[in-house]
Amino acid sequence: MRRLMLLRHAKTETDAPSGRDQDRRLDERGHKDAARIGAWIATHPPFPEKVLVSHAVRARQTWDIAWEAMKDRVPAPQVEILPELYGADPAEILDTIRTATAPADPKQLLLIGHNPGMHEIALMLTGGGDPDGAKALGDNLPTAGLAIFDFDVKDWADVAYRRGRLVLFVSPKLLRSG
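A brief report on the enclosed structure follows. What you see is a predicted model; the values in this text were computed from it and never measured.

**Description of the overall build of the chain**
Here is step 1: Per the secondary structure count, the chain includes 6 helices and 7 strands.
Here is step 2: Against the globule reference of 16 Å for 178 residues, the chain gives a C-alpha radius of gyration of 15 Å, in line with a compact fold.
Here is step 3: Along the longest, intermediate and shortest principal axes, the C-alpha atoms of the chain span 45 × 35 × 35 Å.
Here is step 4: Within the chain, the fraction of its 178 residues that count as buried is 49%.
Here is step 5: For the chain, the computed accessible surface area is about 8200 Å², with 51% contributed by carbon and sulfur atoms.
Here is step 6: Distance between charge centres in the chain, computed from 24 positive and 25 negative side chains, equals 4 Å.

So this is what it looks like as structure tokens:
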């Protein structure tokens, strides 16, 4: 069994001072939401053993703030910053998931990236599971939204479209209202 967690970066400023999209930073709500989703992850095992993060500032900040909220409660995962996650389409994201084995072979993997690719891959991986979560996820993968999938496979290389069981979809908005 493999568990995949797809996390979209938290809410950002409209424009970066540099004018470059990848330099956009989290805004105040983004900071709060990243901490909220990190605290949620820390209380809902199993925990990520490996984290793959887009090199964009907002994705790295999302991870740093989420990790700050969970670091005293969960084992430290291996973290890799991957430029190829920035602007990745579903096929590129799937390729990243399928090759997420070196050097260790994690059973739980967390990806932090961007829409539209993250939303599209989440929809494409869903092959069953939580119908309410699937309906909510069908509309959008919001900022700091987290989609959790289980795959009945022995190796990440066997992860495929429509083979994931959506365990849960959660977002800061759902956590605030629930």
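**Some words on the pattern of salt bridges**
Here is step 1: Per the stated rule, a full pass over the model turns up 13 salt bridges.
Here is step 2: Residue E80 is joined to K50 by a salt bridge in which the shortest nitrogen-to-oxygen separation is 3.0 Å. With a gap of 30 residues between them, E80 in strand 3 (residues 78-82) and K50 in strand 2 (residues 50-54) connect regions that are remote in the sequence.
Here is step 3: Judged by its relative accessible area of 2%, K50 falls in the buried class.
Here is step 4: With a closest N to O distance of 3.2 Å, R165 and D150 form a salt bridge. With R165 in strand 7 (residues 164-170) and D150 in strand 6 (residues 146-151), this pair connects stretches of sequence that are 15 residues apart.
Here is step 5: With relative accessibility at 9%, the residue D150 sits in the buried group.
Here is step 6: Through salt bridges with shared partners, one network takes in R29, D33, R36 and R176.

**A closer look at the packing of helix 1 (residues 28-42) against helix 2 (residues 57-70)**
Here is step 1: Axis separation between helix 1 and helix 2 bottoms out at 7 Å; the angle between their running directions is 50°. As far as their axial angle goes, helix 2 and helix 1 are oblique. As helix 1 packs across helix 2, the resulting crossing turns out to be right-handed. Every residue of helix 2 that contacts helix 1 at H31, A34, A35, G38, A39, I41 and A42 is listed here: Q61, T62, I65, A66, A69 and M70.
Here is step 2: Its residues assigned to classes, the contact of helix 1 with helix 2 shows 9 nonpolar, 4 polar and no charged.

**Considerations on the packing of helix 3 (residues 90-98) against helix 4 (residues 117-125)**
Here is step 1: In contact at an axis separation of 8 Å, helix 3 and helix 4 are set at 70° when each is read in the N-to-C sense. One element, helix 3, and the other, helix 4, form an angle in the roughly perpendicular class. Contacts between helix 3 and helix 4 involve P90, I93, L94 and I97 from the first element and G117, M118, E120, I121, M124 and L125 from the second.
Here is step 2: Taken together, the residues of the contact of helix 3 with helix 4 sort by class into 8 nonpolar, 1 polar and 1 charged.

**Some details on helix 1**
Here is step 1: Compared with an ideal rise of 1.5 Å per residue, which puts 15 residues at 21 Å, helix 1 spans 22 Å between its outermost C-alpha atoms and is within 8% of the ideal.
Here is step 2: Looking only at helix 1, the buried set comprises G30, D33, A34, I37, G38, W40, I41 and A42.
Here is step 3: On its buried face, helix 1 sits against strand 1 (2-8), helix 2, strand 6, strand 7 and helix 6 (172-177).
Here is step 4: For helix 1, the N-terminal capping position is held by D27, with its side-chain oxygen 3.2 Å away from the main-chain nitrogen of R29.

**Observations concerning the side chain of H114**
Here is step 1: Here H114 is to be found in the loop between strand 4 (108-113) and helix 4.
Here is step 2: Look past the residues within four positions of H114 in its chain and what remains in contact with it is H9, S54, A56, R58, A59, L85, Y86 and G87.

About the criteria used
Residues numbered from 1 in each chain as written. Predicted model: local features only at pLDDT ≥ 70, side-chain atom pairs only at ≥ 80, totals over all residues. Heavy atoms only, no water. Helix = DSSP H or I, 4+ residues; strand = E, 2+ residues; numbered from the N terminus. Rg over C-alpha atoms; globule rule 2.2 N^0.38 Å. Buried < 20%, exposed > 50% of the residue type's maximum accessible area, 1.4 Å probe, protein only. Areas by Shrake-Rupley, 256 points an atom, 1.4 Å probe, with all protein chains shown as cover. Lys, Arg positive; Asp, Glu negative; His and termini not counted. Charge placed at Lys NZ, Arg CZ, Asp CG, Glu CD. Salt bridge = Lys/Arg side-chain N within 4 Å of Asp/Glu carboxyl O. Axes fitted to C-alpha atoms, helices over the stretch in contact; angles between N-to-C directions. Parallel < 35°, antiparallel > 145°, perpendicular 65-115°, else oblique. Left-handed = near helix turned anticlockwise from the far one by under 90°. Contact = heavy atoms within 4.5 Å. Nonpolar A, V, L, I, M, F, W, Y, C, P; charged D, E, K, R; others polar. Expected span 1.5 Å × (residues − 1). Polar contact = N/O pair within 3.5 Å; in protein donor to acceptor, adjacent residues only side chain to side chain.

Read these as geometric descriptors, not functional statements.
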